[in-house]
Amino acid sequence: MVDIATRVYNHKWKVDTIVRSLLDTDFYKLLMCQSVFRNKPDTTVTFSLINRTKSIRLAELIDEGELREQLDHIRTLRLSRGESTFLRGNTFYGKRQMFRPDFMEWFEGLQLPPYHLEKHDGQYELTFEGKWPEVMMWEIPALAVLMELRSRAVLRTMGRFELQVLYARAMTKLWEKIEKLRQIDGLKLADFGTRRRHSFLWQDWAVQALSEGMEGKFIGTSNCLIAMRREVEAIGTNAHELPMVYSALANSDAELAQAPYQVLADWHEEHDGNLRIMLPDTYGTEGFLARAPEWLAKWTGIRIDSGDPATGAETAIRWWRARGEDPREKLVIFSDGLDVDKIAELHTQFAGRVKVSFGWGTMLTNDFRGLAPNDGLAPFSVVCKAIAANGRPTVKLSDNPNKAMGPADEIVRYKRVFQVGEQAAMDVVV
């Protein structure tokens, strides 16, 4: 097993480049990329880093030269022969050759496009612009680099023994969580922690700990590289990016109202089974379900990623029942800001009423709260989102208004089109 503290102490080693592979990304990125490659390959999209936690002044913590070095390294990465074989020949969600030959040929030749980096008011303005299939692949590695460079900036101030104690405490903290969770009968849980992890080495350790400590309950990881190396399932479906861009491309209010369903119609043609999972909260879950076409009720399940999770699940249960579906046959995936107590609470509330699964993210792969001086390693909320498509701004409303993004006038328009009323604001922790 890797001695993480020693590797961190010697973090300038070449083996400790932050992003080691184009597969060091979330599985749903590859699934979405293939869908975009098929349906919207020529759309020009701009992605931008957004630090929601303004008190973390990244440009004052992270050296610009070091950041550029890591980003430049990512642009040198290419899919290896072994990685290509893994994607071409492996079985994902029970399906062989999930990734089509034309997509794989394109992906094998992919070089991530250039980035644009500036400093403003203590923050980095990091943007990526290009053809959608290419530029979308920057999101996860860019976030991983920012998160780990922030960790390194704090860890650099610590001595060898201090680092050993830090990681011993962090390992103990995580193992105590595992001991609590493995007592829950019927629990199903996956690692969703790539984008805001403490580091690659730590996420890799966490997955190994889950594999041993929660055998039968741990169902896989969203990280493709770790899934390949540790021989666990790669987990993921789709994200807000798809409806955000499709909506920005709409030429009228009527087209805008239908855009989130067109995304899923395109997805429906490509995937079945456990890949038919809705993510309805981009423009409000209640309105999305109220206007959803009947065929969506036949889908496998729903992922709940904002707002009060119990409220979201109850809304879905009522919707399925109203459309003649048995909620006990449907899958509900909770994935927003979860930790042990909330996982246990939601499992108790919904097990037996629906099939329950959890995507455990930041509090799995980056819970160093209380372990460093001045709480310098506490997780914070940073995202990398599509902000424009073909020159038009994107909008995300969410079930939590504190997660809304986009120009103010467009937010007003989207709320009108999607009939979004009052929403309960919740703190955004991660």
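Preceding this paragraph is the structure being described.
We now turn to the structure provided with this report. (Residues numbered from 1 in each chain as written. Predicted model: local features only at pLDDT ≥ 70, side-chain atom pairs only at ≥ 80, totals over all residues. Heavy atoms only, no water.)

### Brief notes about the packing of aromatic side chains
Then, in step 1: Applying the stated criterion to the full structure yields 26 aromatic pairs.
Then, in step 2: With a centroid separation of 5.9 Å and 50° between ring planes, the pair formed by Y167 and W202 is classed as tilted. In this pair, Y167 is assigned in helix 9 (residues 160-181) and W202 in helix 10 (residues 200-213), connecting sequence segments 35 residues apart.
Then, in step 3: For Y167, a relative accessible area of 3% translates into the label buried.
Then, in step 4: Judged by its relative accessible area of 2%, W202 is buried.
Then, in step 5: Ring centres of Y283 and Y414 lie 5.3 Å apart, and the angle between their planes is 55°; this geometry places the pair in the tilted category. With a gap of 131 residues between them, Y283 in the loop between strand 8 (277-278) and helix 14 (285-290) and Y414 in helix 18 (residues 408-417) connect regions that are remote in the sequence. For the pair Y283 and Y414, a shared accessibility class is recorded, and that class is buried.
Then, in step 6: Grouping aromatic residues by their ring pairs yields a cluster made of F27, F37, F86, F92, Y93, F99, F103, W106 and F107. (Phe/Tyr/Trp six-rings, centres within 6.5 Å; stacked < 30°, edge-to-face > 60°. Helix = DSSP H or I, 4+ residues; strand = E, 2+ residues; numbered from the N terminus. Buried < 20%, exposed > 50% of the residue type's maximum accessible area, 1.4 Å probe, protein only.)

### A look at the layout of surface pockets
Then, in step 1: In this model, the largest pocket occupies a volume close to 870 Å³.
Then, in step 2: Residue assignment for the lining of the largest pocket shows that the elements contributing at least two residues are helix 2 (27-39), strand 10 (331-334), strand 11 (355-360) and strand 12 (382-389).
Then, in step 3: In the lining of the largest pocket, the residues fall into 18 nonpolar, 14 polar and 17 charged. (1 Å grid on protein atoms, 1.4 Å probe; cavity = no way out; pocket = protein on both sides within 12 Å on 5 of 7 lines; lining within 4 Å. Points joined across faces, edges and corners; volume = space filled by probe spheres on them. Nonpolar A, V, L, I, M, F, W, Y, C, P; charged D, E, K, R; others polar.)

### Some words on the state of the cysteines
Then, in step 1: On inspection of all chains with the given rule, the structure shows zero disulfides.
Then, in step 2: Free of any disulfide, C33 has its nearest neighbouring cysteine sulfur in C224, separated by 11 Å.
Then, in step 3: Its sulfur unpaired, C384 is 14 Å from the next cysteine sulfur, which belongs to C33. (Disulfide = S-S within 2.5 Å.)

### A few points about helix 15 (residues 309-322)
Then, in step 1: Here helix 15 spans 20 Å end to end across 14 residues, near enough to the 20 Å set by a 1.5 Å rise per residue.
Then, in step 2: If you check which residues of helix 15 are buried, you get P309, A310, G312, A313, T315, A316, I317, W319 and W320.
Then, in step 3: G324 sits one or two positions beyond helix 15 and adopts a positive phi of about 75°. (Expected span 1.5 Å × (residues − 1).)

### Some words on the environment of T44
Then, in step 1: The residue T44 is located in strand 1 (residues 44-51) in this model.
Then, in step 2: In sequence terms T44 and N390 are 346 residues apart; their C-alpha atoms lie 5.0 Å from each other.
Then, in step 3: With near-sequence residues (within four places) excluded, T44 lies in contact with E129, G130, K131, A388, A389 and N390. (Contact = heavy atoms within 4.5 Å.)

### Points about the environment of I226
Then, in step 1: Note that I226 resides in helix 11 (residues 224-230).
Then, in step 2: Considered as a pair, I226 and Q258 are 32 residues apart in the sequence and their alpha carbons are 37 Å apart.
Then, in step 3: If we ignore the near neighbours within four places in the chain, the residues touching I226 are F200, Q203, D204, V207, T221, E231 and V232.

### Structural notes on unusual backbone geometry
Then, in step 1: Phi is positive for D121, close to 50°, though the residue is something other than glycine.
Then, in step 2: When you line up the elements, D121 lands in the loop between strand 4 (115-120) and strand 5 (123-131).
Then, in step 3: By relative accessible area, which is 60% here, D121 ends up exposed.
Then, in step 4: The backbone phi angle of D375 is positive, close to 55°, even though this residue is not glycine.
Then, in step 5: When you line up the elements, D375 lands in the loop between helix 17 (362-365) and strand 12.
Then, in step 6: Residue D375 is classed as partly exposed on the basis of its relative accessible area of 35%.

### As for the sheet that holds strand 5
Then, in step 1: With respect to topology, five strands assemble into an open sheet ordered 4-5-1-12-13, the strand pairing being antiparallel. On the outer flanks of this sheet lie strand 4 and strand 13 (392-393), each paired with one strand and no other.
Then, in step 2: Bridge count for strand 1 against strand 12 is seven bridges, and the pairing is antiparallel. Bridge pairing in strand 12 places N51 opposite V382. (Pairing = 2+ DSSP bridges.)

### Some words on empty space enclosed by the protein
Then, in step 1: Counted by the stated rule, this structure contains six cavities of 30 Å³ or more.
Then, in step 2: Along the walls of the largest cavity sit 17 residues, with P243, P260, L279, T282 and F288 positioned nearest its centre.
Then, in step 3: At the level of elements, helix 12 (241-248), helix 13 (253-270) and helix 14 are the ones that each hand at least two residues to the lining of the largest cavity.
Then, in step 4: The biggest single contributor to the lining of the largest cavity is helix 13, with four residues.
Then, in step 5: Per-class residue counts for the lining of the largest cavity are 12 nonpolar, four polar and one charged.

### A look at the nonpolar core
Burial of nonpolar side chains together is a common tendency in soluble globular proteins.
Then, in step 1: Ranked by size, the top nonpolar core spans 133 residues in total, and within it L87, F99, F107, Y167, F334 and W360 carry the most contacts.
Then, in step 2: Among the elements that make up this core, the one with the highest residue count is helix 8 (residues 139-155) (nine residues).
Then, in step 3: Every residue in contact with F334, bar those within four places of it in the chain, is listed here: I304, P309, A313, L346, F350, V356, S357, F358 and G359.
Then, in step 4: Counting 13 residues, the second-largest nonpolar core is a separate cluster that includes A250, L256, A257 and L397. (Core = buried A, V, L, I, M, F, W, Y, C linked by side-chain atoms within 4.5 Å.)

Read these as geometric descriptors, not functional statements.
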